[in-house]
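# Coordinate inspection notes
The chain contents come next:
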Amino acid sequence: MNGNRFGPVNFDYSSTLAVTYNSFPLIIMTNASTDGYLLAHELGHFMFITNRFNETDDPEPFHELDGNHNKTPSNLMFPTPEFWPVVPEITSEQIHKALNSRVFYRQLLFMQNKNALNSGLRTFFTIY
């Protein structure tokens, strides 16, 4: 399984490893991080990596060698949580990119197909 790996990230005596495989995405977190938004940060990586257009970098990259993180210290995708405010920020561009994750897109297609099938069945039974 070829994939992308981020981590480990050490903060406040926690160690986090996030591994995302294209065919079997997963996140592994260890040592029960004390930061309440660290899982959200790792899920951001997960959603960017699974972008259906292969646009895997943050819209405002931290550095040319680190496109996976955001350059703004108060942003959820900044490399370390020590600068995050009580509730880290996310941008509309990040939301748009995350919603284009293959995970959400497949679910959307499933729901559209399901709704079309239900609509067709209602029409069929109404006619007959």
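This text goes with the structure placed above it.
Presented here is a report on the structure given in the accompanying data block. Every chain's residues receive numbers from 1 upward, in the order its sequence appears when written. At least 70 in pLDDT is required for a residue's local features to be given in this predicted model, at least 80 for side-chain atom pairs to be given and counted, and no such filter applies to totals for whole chains, interfaces and linings, which use all residues. Only hydrogens and water are set aside; all other atoms, that is, all heavy atoms of the structure, feed into the side-chain values.

Further remarks concern the overall build of the protein chain. A helix here means a DSSP run of H or I that spans at least four residues, while a strand means a run of E at least two residues long, and both kinds are numbered starting from the N terminus. The number of helices and strands found in the protein chain is three helices and five strands. Moving toward the C terminus, one meets the helices and strands of the protein chain in the order β-β-β-α-β-β-α-α. A 1.4 Å probe rolled over the protein chains alone gives each residue an accessible area, and that area as a share of the maximum for its type sets the label: buried under 20%, exposed over 50%, partly exposed in between. Counting all 128 residues of the protein chain, 30% fall into the buried class. Across the protein chain, contacts joining residues at least 24 apart in sequence account for 38% of those joining residues at least 6 apart. Using a 1.4 Å probe, accessible areas were evaluated by the Shrake-Rupley method; residue-level cover was limited to the displayed protein chains. Accessible area for the protein chain stands at about 8500 Å²; split by element, carbon and sulfur atoms hold 59% of it. The contact definition used throughout considers only heavy atoms, calling two residues in contact when any of these lie within 4.5 Å.

A few words on a nonpolar patch on the surface. On the surface, I90, I95, L99, V103 and F104 cluster together into a nonpolar patch covering about 440 Å² of accessible area. Elements with a minimum of two residues in the nonpolar patch: α2 (92-99) and α3 (102-127). Examined against the element boundaries, V103 turns out to sit in helix α3. Patch building starts from residues that exceed 30% relative accessible area and form no salt bridge, then joins like charges within 9 Å and nonpolar side chains (Val, Leu, Ile, Met, Phe, Trp, Tyr) within 5 Å. One side-chain nitrogen of Lys or Arg within 4 Å of one carboxyl oxygen of Asp or Glu is enough to make a salt bridge.

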